[in-house]
Amino acid sequence: MSRRARERRLGPAGLMGAGVVAGFVLLAVAGPALAPYRVTELAGDPLEGPSLHHLFGTNSVGQDLTSQLLAGARASLVIALLAGGGTLLLGALVGAVAGWRGGATDSAVMRVVDVVLVLPPIPLMVVLGASIDPGLVGLSAIIVLVSWPVYARLVRAAVLPLRRRADIRAAVGFGASTGQVLRTHVLPDVGLVLIAGLISAVERAIAIEAGLAFLGLVNPTRASWGSIMRDALDFRGLFLTDSWRWWLLPPVAAVALLLVGLALVGTSVERRLDPRLARHQPVGVDG
Amino acid sequence: MTAPALAISGLQVTYVGPPPIRALDGLSLDVAAGECVGVLGESGSGKSTLAKALLGLASGAAVEGGLRLGGADLGEVDLGGLDEAGWRAVRWRRIALAVQSTSSLNPVLRVGLQLAEPQMVHLGRTRAEADERSAAVLAEVGLDGEALDRYPSELSGGQRRLVLLAMALVCDPSVVVLDEPTAGLDPSIRARVVDTLRRLRDERRVALVILGHDVEAVGAVADRVAVLYRGWLAEVGPARRVLDEPRAPYTWALLNARPTLGSVKDLRGIRGDPPDPTEIAPGCPFVARCTQVVDLCATGRPPLVAPTGEDGERLVACVRGGVVTLLEGRDLRVSYRLSGTGLGHRSTVVAVDGVSLDVREGEVVGVVGPTGAGKSTLAMLLVRLLEPDGGSVRFEGADLLAAKGSALRAARRRVQLLFQDPYEALSPRLTVGAAVREPLDVQGLGLAEWRDERVRTELATVRLPSDAAFLARHTHELSGGQLQRLALARALILEPKLLVADEPVSMLDPSEQAKMLQLLKHLQVERGMAMVFISHDLAVVLRVADRVVVMDAGRIVEEGRGHELLLGARHPVTKGLLAASGRSTSPDGLLLRPTSRPDG
Amino acid sequence: MGPLPTPSRRARRLLAHYGLTVAAVVVLVFALPRAMPGDPLAFLRADNPESVDPAVLHDLQAYYGLDRPLVGQLGHFLARLGHGDLGISIGRRVPVRDLLQAHLPWTLLLIGASLALSSVLSYLLGCAAGWRRGRPLDRLVVMASSAVRPIPTYALASLLLLGGAVTGRLLPLGGARTPFAHYASPFAEIADVARHLVLPVTALASALVASQVLLVRNTMVSTLGQDYMVLARAKGLPLRLLQHRHAGRNALLPFVTSVGLQAGFLVGGAVFVETVFSYPGMGTLVLRAVASRDYPVLEATFLALALVVLTLNLFVDLLYGRLDPRARTG
Amino acid sequence: STSTEPPSAPAQGDGRVERVRVAARPGSYPTPIGARRQGQLQSTLLFDTLVWKDSTGDVIPWLASSWARSPDGTEITFTIRDGVRWHDGMPLTVDDVVFSYQYLMKPPGQAAAGILGAVFVGNLQEVVAVAPDQVVFRMKRPWAPFLPQIAGIVRIIPKHIWETVTDPIAFTGPQATIGSGPYKLESYDLATFSAALVANNDYFLGPPHVRRIEFVPAADQLLALQQGDIDAADAGTEDQLPENALAPFLQDPRFGSVGGPPEWNRALHFNLTKGFPFDDKRFRQAVAYAIDRDDMVKRILFGQGVVGSSGGLSPASPWIAPDLPPYAHDGAKADALLDQIGLKDADDDGVRDLPDGRPFVPELQTSAQFSPKTAELISEYLRQVGLSVTIRTLEAAAADDSAFAGTYEMTLLGYGALGGDPDLLLRVRHTPAAINLPQKSKGYDNPEVVALGEQQLFTADDSSRLATVQQLQRIVAEDLPSLSLYLPEPQLIFVKDVFDGWYLTPGGFGTVLSGALNKHALVTGKKVGF
Ligand SMILES: Nc1ncnc2c1ncn2[C@@H]1O[C@H](COP(=O)(O)OP(=O)(O)OP(=O)(O)O)[C@@H](O)[C@H]1O
Ligand SMILES: Nc1ncnc2c1ncn2[C@@H]1O[C@H](COP(=O)(O)OP(=O)(O)OP(=O)(O)O)[C@@H](O)[C@H]1O
Ligand SMILES: [Mg+2]
Ligand SMILES: [Mg+2]
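If you're wondering where the values come from, they're calculated on a predicted model, not measured in any experiment.

Undergrad: How should I be thinking about the overall build of chain C in this particular structure?
TA: Scanning chain C from terminus to terminus reveals 13 helices and 0 strands. Along chain C, helices and strands appear, N-terminal first, in the series α-α-α-α-α-α-α-α-α-α-α-α-α. If one aligns the C-alpha atoms of chain C with their principal axes, the spans along those axes are about 85 × 55 × 40 Å. In chain C, which comprises 330 residues, the proportion classed as buried is 62%. Pairs at least 24 apart in sequence give 76% of the contacts found in chain C among residues at least 6 apart. Of the roughly 12,000 Å² of accessible surface on chain C, a fraction of 69% belongs to carbon and sulfur atoms. Taken as two groups, the 30 positive and 17 negative side-chain charges of chain C have centres that lie 20 Å from each other.

As structure tokens, then:
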């Protein structure tokens with residue numbers, strides 16, 4: 001595919017977003033090799049500001065924040081991928097089946113969804129955290145188990161009306177299998193929902209990971225962006241000194257940048273999925 | 001005369017794309033108050049685009065040209081320079097639209113509110129007043145006022161369509177544009193809608209613009225009809241005249257292509273496909289599909305002008321002034337002298353007696369008649385293989401009988417006769433290859449290789465083998481069916497403009513006959529040939545011909561469109577032929593109206 | 001819109017469905033605390049190293065009914081619940097009902113205010129952005145929400161706390177009201193409570209707005225391509241009606257659904273915000289109860305929060321039925 | 001027109017302090033029996049004990065004006081002050097004193113209080129009033145820390161209220177806070193833990209110096225102090241702040257600060273039941289040598305703290321043994337010890353292996369309640385001597401549970417009571433196996449230590465008790481079942497104008513292990529004396 005063709009597909013904003021995401025993926029892959037120190041290594045004095053030795057300074061015990069940020073890219077992306085993707089996958093599968101099959105399957109699945117949905121998430125995670133071996137995979141599993149119902153309901157709500165739609169009935173009329181219908185009609189149609197869902201699932205995963213650390217509930221990973229934030233906020237003197245500038249802001253910015261990148265890609269893809277979007281021209285905006 | 005209620009001049013709408021699509025291309029049309037103009041056009045011709053452009057809704061498109069709303073008491077509005085706010089003041093109050101798609105109703109708002117809101121916004125009515133008016137209009141189009149409390153999803157497709165129609169009327173606009181107003185309605189409701197529209201036009205002097213592809217539906221109300229092809233008007237004129245005697249090649253082709261009541265003709269669309277809307281060629285948009293193209297056609301958009309012999313009411317956009325007559329036989333007569341039975345006493349048989357026959361571009365004229373009616377003789381006359389005793393034959397505007405030398409030679413190339421009996425027409429000495437090649441050799445066209453190549457293509461066209469072995473066979477070694485195809489290939493190799501086919505399928509069994517007929521019709525459409533199709537079997541002729549003449553004893557005793565003959569044969573000869581073809585003269589079962597496309 | 005239809009099939013089904021959910025929740029709410037590692041008395045002991053006497057420990061276990069088998073405990077719990085008795089907090093030695101009465105209103109206030117504010121804001125901003133798809137405002141909204149959304153709620157709250165501290169005494173940094181204040185009038189009291197709400201609500205609502213605004217914007221955008229928008233425009237309706245009646249009503253539907261869906265996480269977010277701002281809501285109560293495995297408090301708070309979420313969902317379901325006629329017939 | 005700001009007049013003509021505000025913290029309702037955390041602290045202000053402490057940390061008379069111990073130390077007689085009244089106006093008598101003690105020794109009071117361990121109850125023969133103003137405690141054996149540990153802790157409760165109370169746990173009404181203390185409970189908010197305590201003008205020491213104490217909710221103590229929401233803040237208790245973070249307060253003349261002896265520590269505990277090498281003291285010593293505790297004080301406490309003593313007590317405690325091994329950071333020694341016990345790097349991958357060749361990867365458990373940095377630092381130090389540690393972080397209650405159950409190999413704990421009377425710590429840590437507490441290193445049951453622990457408890461004579469305690473420390477320092485890592489130095493920052501009589505009581509007061517709200521200071525406004 002030529003550059004121009006790619007550009008047409010994603011648009012400049014989408015390309016930019018894709019670039020950002022790709023950059024982070026690169027960091028995640030190459031990060032540990034680039035890192036000047038080990039994550040927990042006592043590489044400098046406590047609370048050194050940014051310098052040539054420590055580009056992002058050091059934290060309160062003198063660990064190098066550059067190395068932690070680099071390592072965090074991997075942890076956060078893995079969480080984002082495993083937990084965010086897993087959440088959406090599980091939710092979408094359950095939601096699509098419930099919405100598509102309807103009837104008894106639907107009501108049974110939705111009862112389970114509702115119960116999980118109303119349980120307070122924090123204790124739920126403590127319980128799960130105690131029974132699942134913590135680690136990136138375990139943590140992701142916890143996040144998936146707690147957050148999937150939201151997406152199941154979202155996807156189900158998007159799939160439900162499709163069953164009545166003429167074009168999809170027609171496809172069934174041609175003898176298309178459920179799999180084919182889901183792939184060729186349902187998926188593109190709920191694509192918008194899925195993209196929005198993926199972005200929100202990813203950011204929710206990142207936030208939950210960080211939040212769990214903050215609440216001191218489970219803390220299985222020591223090198224995610226969330227745990228850097230947690231460490232920073234844990235330090236009582238954070239706002240009494242100017243250390244928050246190099247300690248708190250970079251991980252916040254990194255998470256934000258990653259998510260903005262994803263959002264840009266998402267909004268660009270949405271245009272391809274829904275050709276009707278092109279039809280609307282904003283009116284009365286200037287007048 | 002007062003200013004028209006709606007004046008469109010040079011309207012050009014281009015969807016910006018990419019790729020850019022020129023949906024309307026320089027369209028000009030006036031609609032007077034109390035007049036109903038039908039815009040007829042096939043799918044994608046730009047009807048909905050026109051509707052949107054008229055209300056300033058063509059978003060994503062560049063709109064050029066003039067739009068003007070006028071009328072005796074309303075004052076003029078130049079729609080050209082309006083901004084969104086300006087449009088807002090005009091929409092619905094002056095010009096309203098009944099849209100095509102029933103998904104245009106907002107699913108989450110009650111019908112009542114959707115009907116009321118333009119009244120409240122534009123006319124300052126209270127909700128109660130608006131509801132009262134809405135109920136009245138709904139009743140007028142045949143819907144119970146109870147529908148006001150419903151949501152669109154609770155109405156049927158037809159009911160939603162009526163709501164859309166009523167919605168266009170609630171504010172008493174002076175111009176109403178209706179996009180496919182009757183599609184998907186059952187006949188009684190449709191009649192009611194038509195009735196309402198007539199009343200609007202006559203009593204309230206509303207200017208109506210009806211957009212549609214359904215000739216019957218548009219023809220039912222429209223005073224005038226404009227025919228739209230690819231965003232360009234091919235023809236404008238009083239409804240009956242346009243529909244009965246189409247002048248523009250497109251209109252003519254369109255009307256020929258449409259299914260008609262009781263038609264037994266095989267349906268054939270217009271040849272070729274609509275041009276790619278993304279390519280904006282300079283010439284006539286119909287050029288690629290037209291059968292009467294001349295060089296001039298490709299050089300500029302033909303203007304809408306009154307063709308010769310028509311008043312100013314009737315406008316046609318064709319550089320050739322509309323469909324031209326390819327062949328014009330006038331008052332032809334010929335008689336054969338019979339060999340005397342004795343004493344020098346001679347008698348004559350008048351085989352063709354004062355026959356006049358016109359063949360228009362791309363038209364198939366069927367000639368039927370009992371044996372000995374003079375059909376083959378007429379064929380010979382038309383191609384000037386027989387000199388008539390009287391009358392004239394004009395081909396492509398030139399007198400064929402007077403042609404000489406190279407002019408005649410050129411004319412011979414453009415008119416071909418497919419002989420009734422291929423055994424006779426093909427010399428048994430010739431090989432297949434030589435037989436087919438003969439016309440090229442005679443005309444001295446191209447080089448040897450090219451001719452061989454053409455022979456092979458043409459044989460393939462008539463679905464005969466084209467390998468060397470086959471080419472080397474002698475004609476007498478072929479079966480009757482193969483022989484007939486060979487004769488056809490021979491006739492077609494010169495790419496004639498007119499093919500006179502004399503009983504081209506008489507030698508064949510029914511199955512071969514069907515295949516041959518389909519081939520012939522297909523080639524006729526795709527090559528844009530006109531054809532005189534001669535047969536004594538009315539059933540066959542009706543399947544193929546646009547127009548049929550019935551001959552008996554050298555005279556034309558009846559002529560008309562296929563279905564007209566079928567339904568209303570008057571002459572005993574015709575009736576006899578029909579009976580012979582095994583058809584009832586009153587095919588009531590065929591009287592059902594063609595159903596329009598379902599909505600959605 | 002007319003009045004709600006009398007208990008229809010839909011309403012009855014809703015009720016049955018919610019009843020079932022509540023039943024499941026009640027049992028889970030009992031099981032969940034007990035599934036966590038640790039026990040409530042361990043915390044007491046760790047906290048007060050002198051209370052090590054095994055006999056004393058046994059007495060305490062008996063007092064709180066912890067020496068019974070689980071089934072017995074469940075039966076006791078259900079019986080208590082039937083009488084409206086929520087038990088006594090093991091860690092704080094006060095009736096759990098009093099604790100709920102003290103904390104629940106604040107959480108309801110915080111969640112309610114955040115939900116109301118964020119809903120109005122996300123709706124307005126989302127509509128405006130979607131309407132101007134691709135224009136600067138839209139870009140700004142998309143970017144800003146993408147940038148704010150992933151910031152963990154507690155980090156955002158902490159940054160706000162810092163901001164609040166920098167601005168001096170303009171806004172109170174903690175608590176729900178000025179302690180021991182005497183108010184001249186009810187208005188003064190309302191103003192005081194409102195001032196304390198500003199920062200927590202800002203923290204919670206910005207997270208909510210950031211996640212909801214995109215949803216509204218996206219549905220708005222897909223709404224704009226619909227045929228009914230073309231007709232609405234054709235009718236010459238003013239922008240306001242186009243945006244809010246025709247596009248907005250449709251864009252509202254997924255938004256309303258998602259509010260119900262977010263309810264659980266809204267409660268979760270409230271925990272963070274309450275912690276940072278020492279806001280005396282359910283969040284702080286739950287967290288402390290989790291840390292001390294205070295079973296009676298955990299049971300009651302889980303149940304209360306689940307009921308809050310359920311009620312919100314019920315409300316959303318009913319509202320959805322009123323907003324979308326298709327949901328009623330379908 | 002609002003008066004949300006309470007009248008603020010710090011000091012009045014008589015030098016009294018009208019109001020002091022401190023940060024509200026979690027805790028139970030301030031009942032006199034079994035209250036926790038802030039509730040416990042508040043109950044010391046509402047109720048009185050027989051004796052108390054001042055800024056020296058020494059026991060001073062309180063409800064008892066004097067006391068006398070029999071020569072064999074088994075009998076203590078208290079003389080109760082005259083004219084003391086309950087908040088409801090009833091007089092406080094010796095009967096109340098006797099009732100208060102007896103209430104705690106049998107159900108239902110026993111379970112509710114949980115204060116007096118079986119050891120003491122088993123040792124106490126009787127509590128009787130021997131005169132209208134005298135109470136005598138008779139014990140089987142002399143109970144050395146009786147004054148600070150028993151008489152300074154048991155709140156005297158009004159018999160006329162409590163004798164009818166059958167369920168003291170559920171007894172939390174206004175009646176439950178009627179005591180004889182210098183303050184009365186004016187209001188208490190369950191949601192925010194905010195409370196207002198007002199001076200008891202009929203107090204036996206005269207109207208208290210500080211007239212009103214408010215516990216107000218604060219998101220962050222230092223921020224609240226900066227904002228003027230509170231008048232005193234803990235700058236360091238468990239977490240320390242870098243110097244420059246405190247600079248705005250320390251350099252501002254409006255603020256004063258006062259410190260105290262460090263008494264809370266973070267310690268590394270080994271689980272000896274996990275077998276080799278945890279049950280080998282050379283391994284534990286090697287770990288101690290490997291850990292650079294001075295560096296920890298620098299990095300974690302920003303230098304504001306001290307390295308723990310190998311004997312377990314606070315280095316500032318008067319009971320400390322002077323000649324304990326310091327286990328100063330020494331990598332070579334650690335290496336040598338590890339080599340000696342067979343933890344060698346057999347495959348030269350930089351990680352020591354078990355004698356059977358499997359890599360040795362001990363697990364270090366830590367609670368999410370504390371900063372994970374301590375664990376990370378330890379893993380870094382141990383890395384230097386070839387020990388590769390996995391860190392396992394558990395949610396607070398789960399970590400407690402694990403510490404109780406002994407499901408760890410090595411764990412980090414945080415606890416106080418390292419100053420004051422040594423009994424509390426030593427007995428808790430070195431009692432027989434039946435009593436199971438997290439602070440006790442699992443599997444360490446040296447009979448010699450248990451015997452010494454008992455012996456010091458029943459030694460009335462201070463100097464011989466000191467010798468016992470020091471001997472115990474020496475053994476523990478050698479066995480090293482746990483290693484006290486570091487102790488932060490507590491510091492209180494306060495607004496001078498409001499009240500500057502604050503001090504931090506060495507060894508704590510009541511059962512409160514640390515904190516500034518010693519009622520001696522609040523009532524008298526002095527550091528010592530009345
Ligand atoms: N929004 C658009 N963007 C680009 N091209 C368009 C758009 N709408 C219509 N067109 C193109 O413009 C041409 C005219 O379309 P239009 O909808 O006006 O046809 P129509 O005559 O109403 O057809 P139908 O009878 O099927 O409704 C078509 O080639 C169509 O593909
Ligand atoms: N060469 C001829 N000489 C004399 N009369 C002829 C000649 N050819 C045809 N005729 C007569 O002219 C009349 C018309 O004949 P023609 O061949 O035109 O009939 P047709 O309509 O073609 O009949 P069929 O359907 O049988 O082919 C007939 O009466 C026929 O007998
Ligand atoms: Mg159309
Ligand atoms: Mg013939």
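Undergrad: I would appreciate a short explanation of the overall build of chain B in the present structure.
TA: The secondary structure content of chain B amounts to 20 helices and 21 strands. Here chain B holds 600 residues, and the buried ones make up 52% of them. Look at the contacts in chain B between residues 6 or more apart in sequence, and 67% of them connect residues 24 or more apart. With an accessible surface of roughly 24,800 Å², chain B has 52% of that area assigned to carbon and sulfur atoms. Computed over 70 positive and 74 negative side-chain charges, the separation of the two mean positions in chain B equals 3 Å.

Undergrad: Can you help me understand the site of ligand 1 in this one?
TA: All names here are of chain B. In the region of ligand 1, 15 residues are neighbours, and S43, G44, K47, S48 and T49 sit closest. Within the contact set of ligand 1, an oxygen atom lies 2.5 Å away from a side-chain nitrogen or oxygen of S43. With respect to ligand 1, the side chain of T49 contributes an N or O atom lying 2.5 Å from an oxygen atom. Considering ligand 1 on its own, with 630 Å² of exposed area, one finds that the protein chains cover 72% of that surface. Where the shell around ligand 1 is concerned, the elements lending two or more residues are β2 (21-31) and α1 (47-54). Per-class residue counts for the shell around ligand 1 are 4 nonpolar, 7 polar and 4 charged.

Undergrad: Got a minute to help me understand the environment of T49 of chain D in this structure?
TA: Residues and elements named next belong to chain D. For T49, the location among the structural elements is in the loop between α1 (38-46) and β2 (51-53). Between the alpha carbons of T49 and G453 there is a distance of 27 Å; along the sequence they are 404 residues apart. With sequence-adjacent residues up to four places away left out, T49 is seen in contact with W62, L63, A151, G152, I153, V154, R155 and K519. Of the polar contacts made by the side chain of T49, one reaches the backbone oxygen of V51; its length is 2.6 Å.

Undergrad: When you look at the pattern of salt bridges in this model, what are you seeing that I'm missing?
TA: Side chains that differ in charge, positive against negative, can pair when their charged atoms come close. Inspection of every chain in the model, using the stated rule, returns 66 salt bridges over all chains. Each of the salt bridges in this network shares a partner with another, and the network as a whole consists of D45 of chain A together with D295, K298 and R299 of chain D.

Undergrad: Looking at this structure, I do not really get the sheet that holds strand β20 (residues 547-552) of chain B. What am I missing?
TA: In a beta sheet, neighbouring strands pair by backbone hydrogen bonds and run either parallel or antiparallel. All names here are of chain B. Taken in spatial order, the 6 strands line up as β17-β18-β19-β14-β20-β21 in an open sheet, and their pairing is mixed. Only two strands of the sheet have a single neighbouring strand rather than two, namely β17 (415-418) and β21 (555-561). Within the sheet, the average angular offset between the axes of one strand and its neighbour, ignoring direction, is 15°. Looking at chain direction, strand β14 (residues 364-368) and strand β19 (residues 530-535) are connected through 5 bridges and run parallel. Looking across to β19, one finds that V364 is bridged to M531. Contacts between helix α10 (residues 375-382) and the sheet are confined to β14, β17, β18 (498-502), β19 and β20, with β19 contributing the most and set at about 155° to the helix.

Undergrad: Quick question: what am I supposed to make of the sheet that holds strand β4 (residues 64-69) of chain D here?
TA: Residue and element names in this part refer to chain D. Spatially, 4 strands are ordered β4-β5-β7-β6 in an open sheet, and the strand pairing comes out antiparallel. Taken across any chain shown, the strands that pair with only one partner, and hence form the sheet edges, are β4 and β6 (124-131). Adjacent strand axes in the sheet meet at a mean angle of 20° when their direction is disregarded. Sheet topology places β4 next to strand β5 (residues 75-80); 5 bridges connect them, and they run antiparallel. Bridge pairing in β5 places A64 opposite I80.

Undergrad: It is not clear to me how the site of ligand 2 should be interpreted in this structure. Could you clarify?
TA: Residues and elements named next belong to chain B. Around ligand 2, the structure places Y336, L338, A351, T371, G372, A373, G374, K375, S376, T377 and Q420. Protein contact buries 62% of the 620 Å² of open area that ligand 2 shows by itself. Of all the secondary structure elements, the ones that give two or more residues to the shell around ligand 2 are β12 (325-338) and α10. At 3 residues, the largest contribution of residues to the shell around ligand 2 is made by α10. For the shell around ligand 2, the class distribution of residues is 4 nonpolar, 6 polar and 1 charged.

Undergrad: Quick question: what am I supposed to make of the nonpolar core here?
TA: One broad trend across soluble globular proteins is that nonpolar side chains are buried collectively. In this structure, L50, F78, Y101, F146, W162, F215 and W502 of chain D are the most contacted members of the largest nonpolar core, which totals 252 residues. Leaving out residues up to four positions away in the same chain, Y101 of chain D has contacts with L50, V127, F137, I150, A151, V154 and I156 of chain D. Judged by nonpolar contacts, the second largest core, of 98 residues, contains I8, L55, V206 and C318 of chain B.

Undergrad: Can you help me understand the packing of aromatic side chains in this one?
TA: Two measures describe an aromatic ring pair: the distance that separates the ring centres and the angle between the ring planes. Residue and element names in this part refer to chain D. Summed over the entire model, instances satisfying the criterion amount to 33 aromatic pairs over all chains. Measuring from ring centre to ring centre gives 6.1 Å for F78 and F146, while their planes differ by 35°; the resulting arrangement is tilted. Of this pair, F78 sits in strand β5 while F146 sits in helix α5 (residues 146-151), placing them 68 residues apart in sequence. Neither residue differs from the other here; F78 and F146 are each classed as buried. Pairwise contacts between aromatic rings join W52, W62, Y203, F204, F509 and F530 into one cluster.

Undergrad: Looking at this model, I keep getting lost on a nonpolar patch on the surface. Mind explaining?
TA: Together, L52, L55 and F56 of chain A make up an exposed nonpolar region whose accessible area comes to about 350 Å². Along the chain, L55 of chain A falls in the loop between α1 (3-34) and α2 (65-101).

Undergrad: Which parts of the structure should I look at to understand the packing of helix α10 (residues 293-300) of chain D against helix α12 (residues 373-384) of chain D?
TA: The relative placement of two packed helices comes down to the angle between their axes together with the axis-to-axis distance. All names here are of chain D. Look at α10 against α12: their axes get within 11 Å of each other, and the N-to-C directions meet at 145°. Once α10 is placed against α12, the crossing between them reads as right-handed. Counted together, D295, M296, R299 and I300 of α10 and K373, T374, L377, I378 and Y381 of α12 form the full contact between these two elements.

Undergrad: Can you help me understand unusual backbone geometry in this one?
TA: A negative phi holds for most residues other than glycine; trans holds for most peptide bonds. The amide bond that connects F276 of chain D to the next residue, P277 of chain D, takes the cis arrangement and shows omega of 0°. Following the sequence through the fold, P277 of chain D ends up in the loop between β13 (265-270) and α9 (281-290). At R93 of chain C, a residue that is not glycine, the phi angle is positive and equals roughly 60°. For R93 of chain C, a relative accessible area of 6% gives the class buried. A positive phi angle, near 55°, is found at F302 of chain D, a position not held by glycine. Looking at the secondary structure, you find F302 of chain D in the loop between α10 and β14 (305-307). You can call F302 of chain D buried: its relative accessible area is 15%.

How each quantity is defined
Residues numbered from 1 in each chain as written. Chains lettered and ligands numbered in written order. Predicted model: local features only at pLDDT ≥ 70, side-chain atom pairs only at ≥ 80, totals over all residues. Heavy atoms only, no water. Helix = DSSP H or I, 4+ residues; strand = E, 2+ residues; numbered from the N terminus. Buried < 20%, exposed > 50% of the residue type's maximum accessible area, 1.4 Å probe, protein only. Contact = heavy atoms within 4.5 Å. Areas by Shrake-Rupley, 256 points an atom, 1.4 Å probe, with all protein chains shown as cover. Lys, Arg positive; Asp, Glu negative; His and termini not counted. Charge placed at Lys NZ, Arg CZ, Asp CG, Glu CD. Near = heavy atom within 4 Å. Polar contact = N/O pair within 3.5 Å; in protein donor to acceptor, adjacent residues only side chain to side chain. Nonpolar A, V, L, I, M, F, W, Y, C, P; charged D, E, K, R; others polar. Salt bridge = Lys/Arg side-chain N within 4 Å of Asp/Glu carboxyl O. Pairing = 2+ DSSP bridges. Axes fitted to C-alpha atoms, helices over the stretch in contact; angles between N-to-C directions. Core = buried A, V, L, I, M, F, W, Y, C linked by side-chain atoms within 4.5 Å. Phe/Tyr/Trp six-rings, centres within 6.5 Å; stacked < 30°, edge-to-face > 60°. Patch = residues over 30% accessible without salt bridge, like charges linked within 9 Å, V, L, I, M, F, W, Y side chains within 5 Å. Left-handed = near helix turned anticlockwise from the far one by under 90°.

Purely spatial values, then, with no claim about function.
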